[in-house]
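So you can see what is in the structure, the chains are spelled out below.
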Amino acid sequence: MASTGVRGHAEGLREARMKPFTKPAALVYSSVLPGFTFWPACSTGTSFPAAGIIQKGTLMNAISRRDMLRSGAALSASSLLARSAWGRTKALWAGYPGGASADAPGSGSPREHLLFDFGWKFQFGNGSDPARDLGFGMDQGDFSKTGDFEFAKGRFDDSKWRTLNLPHDWAVELPFVHDEQQNSHGFKPVGRRYPETSVGWYRRTFEIPAGDLGRRITVEFDGAFRDVIVFVNGCFIGRNNNGYAPFSFDLTDFLAYGAKNYIVARVDASFGDGWFYEGAGIYRHVWLTKTDALHLGKWESTVRTAVSGSAATLTLGTVVANQGKEAENAKVSWQILDAAGKTVATAEAAAQMVAVDGLANFSATAKLANPALWSVDAPNLYSAIVTVEAGGKVRDAERVSFGVRTAVFDADKGFFLNGKSLKIQGTCNHQDHAGVGAALPDRLQAFRLAVLKEMGNNAVRTSHNMPTPEWVEACDRMGVMMMCETRQMSSNPEGLAQLETMVKRYRNSPSIILWSVGNEEDQLQDPMAEQGERIATTMVRRCHELDPTRVVSAAVDGPNEKGVSNAFDVIGFNYRISEPEGYHKKYPKRPIYGSETSSAISTRGVYGTDPLRNTVNAYDAVVPWGETAEGWWQLYGGREWAAGGFAWTGFDYRGEPTPYEWPSINSQFGIVDMCGFPKDTFYYYKAWWGKGPSLHVFPHWNFEGREGDTISVWVYSNMEEVELFVNGQSAGSQKVPHLGHVEWKVKYEPGFIEARGSKDGKVVLTEKRETTGPAVAIRLTADRLEIDADGEDVAVLKVEALDKEGRAVPTAGNLIGLKVSGNGALIGVGNGDPNCQESDKEPRRSLFNGLAQAVVQANWEPGEIHIEAVKEGWDGPELTPAKLSITTRKVELRPAVG
């Protein structure tokens, strides 16, 4: 959302927002963090035990995973890489559009790319006391002592450390603290004032075979929050202080071959990058990559496509690096595969010498006849296998996924994908999810994207940072376009390095239609307009050098007439709904889209704003600088020259609580809540963004004690006309305005309301809301009933309360306990309540307006995960428990470090 490189701007925005309401309540003291004060765990009425216990149990079967990997050591590295990657990708994307286009096996590469996530040890350090931080920093000369770090040697005792698997976010495990300085980050005790919970140490023992001597071995982190120092075998290796960009270190010279090795990462989350929840720890994947001394450069292989008529030209390029002891005569070839794994084109570059410690560029072209284009409806993908040969054998190879498509922004006609007009129906999203914080299992990326796609969302903006690779892959495979945004808007070395890494890593992804070099850097618009223009010009130029196929923009909260805006290919407006029309008339040659729009707010299942409960009605609430869903889409969806835009936000997110502050711990901007449960506005977008008939009537019809009160009944629909019935009596029929809604005012009486949507005089859709009885039973459902037994895959469970007629009770708030057994474990819970401070990790959660969510993860043994949901607490009648079993199937595992 709102940001700036100069953080003082955030305070100004907060002052402009709705003032927080004071809620009197008793404070609860917790002994978890001495001296800190906590709010009761849940603010919705029932008293539950306060969240505050950090779980210390070991995660599932880390040792057995290693044993399983070792048992397969007879397999060749290249065949294991090819086959298991193929099986894993097919399973991960099964059932989603584009899933059939997963990479096929057969790269024939001696390269090994090993997942390094399992079997780590963890404990907290201390940000201010070296004595409680493994002695690190006790001596200011620490970094001069090569090989002297005992905690990264074999004799160090880590037996009392917690065992866990990555990705890991320790912030989500911490209790909430009533500290207004922490509101933007979700009231978690992370930062310089919380030294006891702001530094974490990760340690891992691993073996390197003697046969690896002579190879280049690199450890690669997809992302960690935030300042990371890495040690191996007692030696300092390197450091990184960005929370979103990947980083890597060459370990070749520091390893013991044919022996055990020890890696340690000290992660310090005392400082942040943003003004929203960012997590803490190694929250993305870690990899160990082994290559020949002659190998392909990191993220240097590119496939650029140009469509002409019924054919496409592929411009192929790569870089080969030689870290060997002598010059090599190398050649590079490309094999292009379609989604079925069939070879559809080949190319080869002439051989050339690559000097010792040198780099060489290789290029070629290939033709594709009648290519299957990538689109939001048919996300067809191709693969390029890039192979390096020298000395009569393959020395390195990699597989690059790409798509063939055109994407054009037109100042008069909007946006075109493959020559067809298409409105960008987008949402902005942060990267955290209920129960797991920032450490999302891969499958949750697909789950979240599927939720957004259901309402017709065809684009996402990665607010406000370089995304995790699995989010980009999900968009590629599921047909969702992306505005890919870097964290730091600057042409300083760090800013350019982050930008270059993002562009190089993702420039082959067909889902990405534009690069964003920043968000709301108001100081660079005014008063630093001249500097802003120079900074943005440098960043745009670098984007074009690395990727001449895409346009560059940024999310600008300003008039777009000076500063950074002068450098951009297309113009993005954040809010300022009254300005784009006039801007288009004044600058008719500049394409325009809404880079951040709406900021409508609502609490799921709530139909009256209540400041004492920190809730917001589901009808038409909006912050002062924003617009309702109808308000912004009538402009960007209703003007031919407008390309469309990105609503703030798709999902609710932790931190930046709006419009209230404590005890609210997350925003209420989402079209869906933290779990992905739709709010009513979801159905406005489904009506006008979706392709099929749609009708949604709200509110629910459980208003006990309000008999005779006037209730607003709204309908979102793309039907021509809607008639409303209340307890069987017609309340009238209304024509549905284009991009609008219809509404009635009716007296509440228990019973039902029913909406009937008509087209051409015929009823096409009906939807009913009934007054339910009290909850008597629990229902459990899952997004999938079969998942992979790979230690990574997850099932997402929905928990509901039912009345005696089997109807979901939309106001239920029962505390539900979860018992998980068998071949998996519970890794997180949530309910979408922006004010609920129950633990995300304990095996219980209260329903919020009838719903809660649990995420269970498989271990490596095929079998079943058994989940039982039972009522907990003393209030209210007993509920019939619910049971559900998830099958975990045997699959070929991703290659991983044993």
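Computed from a predicted structure; not experimentally measured. (Residues numbered from 1 in each chain as written. Predicted model: local features only at pLDDT ≥ 70, side-chain atom pairs only at ≥ 80, totals over all residues. Heavy atoms only, no water.)

What follows covers the overall build of the protein. Regarding its fold elements, the protein presents ten helices and 47 strands. Burial statistics for the protein: of 898 residues in total, 60% are counted as buried. A separation threshold of at least 6 residues defines the contact pool for the protein, and within that pool the share at least 24 residues apart is 71%. (Helix = DSSP H or I, 4+ residues; strand = E, 2+ residues; numbered from the N terminus. Buried < 20%, exposed > 50% of the residue type's maximum accessible area, 1.4 Å probe, protein only. Contact = heavy atoms within 4.5 Å.)

This paragraph deals with unusual backbone geometry. Note that the residue after Ser463, namely His464, is joined by a cis bond; omega there is -10°. Along the polypeptide, His464 turns up in the loop between β25 (459–462) and α5 (469–478). With an omega dihedral of 20°, the bond running from Phe698 to Pro699 counts as a cis peptide bond. You can see Pro699 is positioned in the loop between β32 (695–698) and β33 (710–717). Located in the positive-phi region is Asn560, a residue other than glycine, with phi close to 60°. Secondary-structure assignment places Asn560 in the loop between β28 (551–555) and β29 (571–574).

What follows is about the packing of helix α9 (residues 629–636) against helix α10 (residues 681–689). Remark: α9 packs on α10, axes separated minimally by 11 Å, with the N-to-C direction vectors making an angle of 20°. Taken together, the axes of α9 and α10 lie roughly parallel to each other. Two packed elements cross with a definite hand, and for α9 against α10 that hand is right-handed. Residues Ala629, Glu630, Trp632 and Trp633 of α9 touch α10, and the partners they reach there are Thr681, Tyr684, Tyr685 and Trp689. (Axes fitted to C-alpha atoms, helices over the stretch in contact; angles between N-to-C directions. Parallel < 35°, antiparallel > 145°, perpendicular 65-115°, else oblique. Left-handed = near helix turned anticlockwise from the far one by under 90°.)

Take the nonpolar core next. Met489, Trp515, Val517, Phe568, Tyr685 and Trp701 are the most contacted members of the largest nonpolar core, which has 91 residues in total. Counting 70 residues, the second largest nonpolar core, distinct from the first, contains Leu114, Ala224, Cys428 and Tyr575. (Core = buried A, V, L, I, M, F, W, Y, C linked by side-chain atoms within 4.5 Å.)

Quick look at the sheet that holds strand β23 (residues 420–421) now. Read across the open sheet, the three strands follow the order β21-β22-β23; overall the sheet is antiparallel. Two strands close off the open sheet at either side, each with one partner strand: β21 (407–410) and β23. Where strand β22 (residues 414–417) and β23 come together, two bridges link them in antiparallel fashion. What sits directly across from Leu417, in β23, is Lys420. (Pairing = 2+ DSSP bridges.)

Another point: empty space enclosed by the protein. A full pass over the atoms with the stated rule returns eight cavities of 30 Å³ or more. In terms of lining residues, the largest cavity is bounded by Asn429, His430, Gln431, Leu440, Gln445, Arg448, Thr462, Ser463, Asn465, Pro467, Thr468 and Trp471. When the residues that make up the lining of the largest cavity are grouped by side-chain class, the tally is three nonpolar, eight polar and one charged. Estimated volume of the second largest cavity: approximately 100 Å³. (1 Å grid on protein atoms, 1.4 Å probe; cavity = no way out; pocket = protein on both sides within 12 Å on 5 of 7 lines; lining within 4 Å. Points joined across faces, edges and corners; volume = space filled by probe spheres on them. Nonpolar A, V, L, I, M, F, W, Y, C, P; charged D, E, K, R; others polar.)

Time to look at the pattern of salt bridges. Pairs can form between side chains of opposite charge once their charged atoms are near each other. Counted under the stated rule, the structure contains 55 salt bridges. Residues Lys153 and Glu150 are paired through a salt bridge, measuring 3.2 Å at the closest nitrogen-oxygen approach. You can call Lys153 buried: its relative accessible area is 17%. Across the salt bridge formed by Asp222 and Arg505, the nearest N and O atoms sit 3.1 Å from each other. On the criterion of sequence distance, the pair formed by Asp222 in the loop between β7 (216–221) and β8 (227–232) and Arg505 in helix α6 (residues 493–506) is long-range, its members being 283 residues apart. Overall, Asp222 belongs to the buried group, its relative accessible area being 4%. Via salt bridges that share partners, Glu112, Asp212, Arg215 and Lys290 belong to a single interconnected network. (Salt bridge = Lys/Arg side-chain N within 4 Å of Asp/Glu carboxyl O.)

Our next topic: the sheet that holds strand β47 (residues 882–889). One open sheet holds the five strands; their spatial order is β40-β47-β46-β42-β44, and the pairing between them is mixed. Each edge of the open sheet is held by one strand with a lone partner, namely β40 (786–788) and β44 (844–846). On average, adjacent strands in this sheet sit at an angle of 30° to one another, irrespective of strand direction. Bridging between strand β46 (residues 863–872) and β47 involves seven bridges; their strand directions are antiparallel. Each residue of the ladder has a partner; that of Ala869, found in β47, is Ala882.

Moving on, we come to the pairing of strand β34 (residues 721–726). Sheet topology places β34 next to strand β35 (residues 729–735); six bridges connect them, and they run antiparallel. Note on β35: the bridge partner recorded for Leu724 is Gly732. In sequence, β34 turns back onto β35 through a hairpin of two residues, with Asn727 there showing a positive phi of about 50°. Where β34 and strand β37 (residues 752–759) come together, six bridges link them in antiparallel fashion. Paired with Glu721 across the two strands is Ser758, which belongs to β37.

This brings us to the confidence of the model for the protein. This prediction gives the protein a mean pLDDT of 89; 87% of its residues lie at or above 70. Ignoring residues within four places in sequence, the model shows residues 1–108, a span with pLDDT below 50, making 252 contacts including any to other chains. (pLDDT = per-residue confidence, 0-100.)

Now for helix α4 (residues 442–454). Its 13 residues place the ends of α4 19 Å apart at the C-alpha level, agreeing with the 18 Å of an ideal helix rising 1.5 Å per residue. Of all 13 residues in α4, ten are buried; the element is thus mostly enclosed. For α4, the set of buried residues is Asp442, Arg443, Leu444, Gln445, Ala446, Phe447, Arg448, Leu449, Val451 and Leu452. Once α4 finishes, Gly456 follows within two positions and takes phi at roughly 95°, a positive value. (Expected span 1.5 Å × (residues − 1).)

Before going further, it helps to examine the side chain of Ser758. Of note, Ser758 is situated in strand β37. In this structure Ser758 comes out as buried when scored by relative accessible area, which is 15%.

Let's shift gears to α6. When the terminal C-alpha atoms of α6 are compared, their 20 Å separation across 14 residues agrees well with the 20 Å that a helix rising 1.5 Å per residue should span. All of the buried residues in α6 are Gly495, Leu496, Gln498, Leu499, Thr501, Met502, Val503, Arg505 and Tyr506. Among the structural elements, α5, β26 (481–485), β27 (512–519) and α7 (529–546) are those in contact with the buried residues of α6.

How two helices sit against one another is set out by the angle between their axes and by the gap between those axes. Where α4 contacts α5, the two axes come as close as 9 Å, and the packing angle between them is 50°. Between α4 and α5, the crossing angle belongs to the class labelled oblique. The crossing of α4 and α5 is right-handed. On the side of α4, the interface is formed by Asp442, Gln445, Ala446, Arg448, Leu449, Ala450, Leu452 and Lys453, while α5 contributes Glu470, Trp471, Ala474, Cys475 and Met478.

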